[in-house]
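Letter by letter, the chains look like this.
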Amino acid sequence: MEDPLYQDQILGEYRAPKNFGLRDDFTHQAKAANPVCGDSIVVRLTIENGIVKETSFKNIGCVISRVSASLFLEFIKGRAVEDIRAFGQDIPLSLLGISLTPGRLKCGTLVLEAVAKAL
């Protein structure tokens, strides 16, 4: 059983996700979807001189996919594109701070797939 503190943090992030809502000013955009569960996401990035300056997203999906997107997109702000390209699934999953069942891993990494496409 997960620590109730993590559950509260996850639900708080779900209710007030960072970077939620698509910005009109962006330089890169991509979509990703999980046909198994129906989750989908659109990610917009503003990149200047190889650095991610702004991020935004809109998703249809579960709590895990929305929270993962919120946390990961906040995490990549100010980071170099080349560094982000090297990220693996462990980064968005570790930001969540909870264990996911194998069937939920795609929910936690969907944002990484969209960001990789956008870059």
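Summary of the structure given here. Quick caveat, the model's predicted, so the values are computed rather than measured.

1. Things to note about helix H2 (residues 63-76)
With 14 residues, H2 should reach 20 Å at 1.5 Å per residue; the first-to-last C-alpha distance of 20 Å fits that figure. Counting buried positions over the 14 residues of H2 gives 10, a clear majority of the element. Buried within H2 are the following residues: Ile64, Ser65, Arg66, Val67, Ser68, Ala69, Ser70, Phe72, Leu73 and Ile76. Looking one or two places after H2, you find Gly78, whose phi comes out positive at around 85 degrees.

2. Some thoughts on the environment of Ile84
Topologically, Ile84 is positioned in helix H3 (residues 81-85). When its relative accessible area of 3% is taken as the criterion, Ile84 is described as buried. The sequence separation of Ile84 and Asp39 amounts to 45 residues, and the corresponding C-alpha distance is 23 Å. Setting aside anything within four residues of it in sequence, one finds Ile84 in contact with Val52, Ile76, Arg79, Val115 and Leu119.

3. A short note on empty space enclosed by the protein
Overall, the coordinates contain one cavity of 30 Å³ or more when judged by the stated rule. The computed volume of the largest cavity comes to approximately 40 Å³. Taken together, Ser40, Ile41, Asn59, Ser65, Ser68, Ala69, Cys107, Leu110 and Val111 form the lining of the largest cavity.

4. Examining the nonpolar core
Counting 23 residues, the largest nonpolar core has Ile41, Val43, Leu45, Ile76 and Val115 as its most contacted members. Counting residues per element, the ones that place at least two in this core are strand S1 (28-34), strand S2 (39-48), strand S3 (51-60), H2, H3 and helix H5 (105-118). If you tally residues by element for this core, the top one is H5, at six residues. In this view, Leu45 contacts Phe26, Thr27, His28, Glu54, Thr55, Leu73, Ile76, Val115, Ala118 and Leu119; residues no more than four positions away in its chain are not counted.

5. Overview of unusual backbone geometry
With a phi angle near 65 degrees, Asn19 is a residue other than glycine that sits in the positive phi range. Mapped onto the secondary structure, Asn19 falls in the loop between helix H1 (4-15) and S1. Backbone geometry at Asn49 places phi at a positive 55 degrees, although glycine is not the residue there. Mapped onto the fold, Asn49 is located in the loop between S2 and S3.

6. Focus: the side chain of Thr46
Inspection of the secondary structure puts Thr46 in strand S2. Assessed through its relative accessible area of 11%, Thr46 is described here as buried. At 3.0 Å, the side chain of Thr46 and the backbone oxygen of Asp25 are in polar contact.

7. Section: the environment of Val43
Here Val43 shows up in strand S2. Considering only alpha carbons, one finds Val43 and Ile10, 33 residues apart in sequence, at a separation of 20 Å. Those residues within four positions of Val43 in sequence are excluded, and the remaining contacts are His28, Gln29, Ala30, Ser56, Phe57, Leu73, Val111, Ala114 and Val115.

Each value, and the rule that gives it
- Numbers given to residues run from 1 along each chain, matching the order in which its sequence is written.
- Confidence filtering applies because this is a predicted model: local features only for residues at pLDDT of at least 70, side-chain atom pairs given and counted only at 80 or more, and all residues used for totals across whole chains, interfaces and linings.
- Side-chain numbers here rest on the full set of heavy atoms in the structure, without hydrogens or water.
- Each helix is a run of DSSP H or I of at least 4 residues and each strand a run of E of at least 2, with the numbering of both proceeding from the N terminus.
- For a helix, the expected span equals 1.5 Å multiplied by the residue count minus one.
- Here's how the labels work: a residue is buried when its accessible area is under 20% of the maximum for its type, exposed when over 50%, partly exposed in between, all with a 1.4 Å probe on protein chains only.
- Pairs of residues are marked as contacts when any of their non-hydrogen atoms sit within 4.5 Å.
- A pocket, in this scheme, is an open set of points on a 1 Å grid over the protein atoms alone with protein on both sides within 12 Å along at least 5 of 7 lines, while a cavity is a set where a 1.4 Å probe fits but cannot get out; residues line either one if an atom lies within 4 Å of a point.
- Grid points are joined across faces, edges and corners, and a volume is the space filled by probe spheres set on the points.
- Only buried residues count toward a nonpolar core. Its members are Ala, Val, Leu, Ile, Met, Phe, Trp, Tyr and Cys residues joined through side-chain atoms within 4.5 Å.
- Polar contacts, as counted here, are pairs of nitrogen or oxygen atoms within 3.5 Å of one another; within protein the pair requires one atom able to donate a hydrogen and one able to accept it, and residues that are adjacent in sequence qualify only if both atoms are side-chain atoms.

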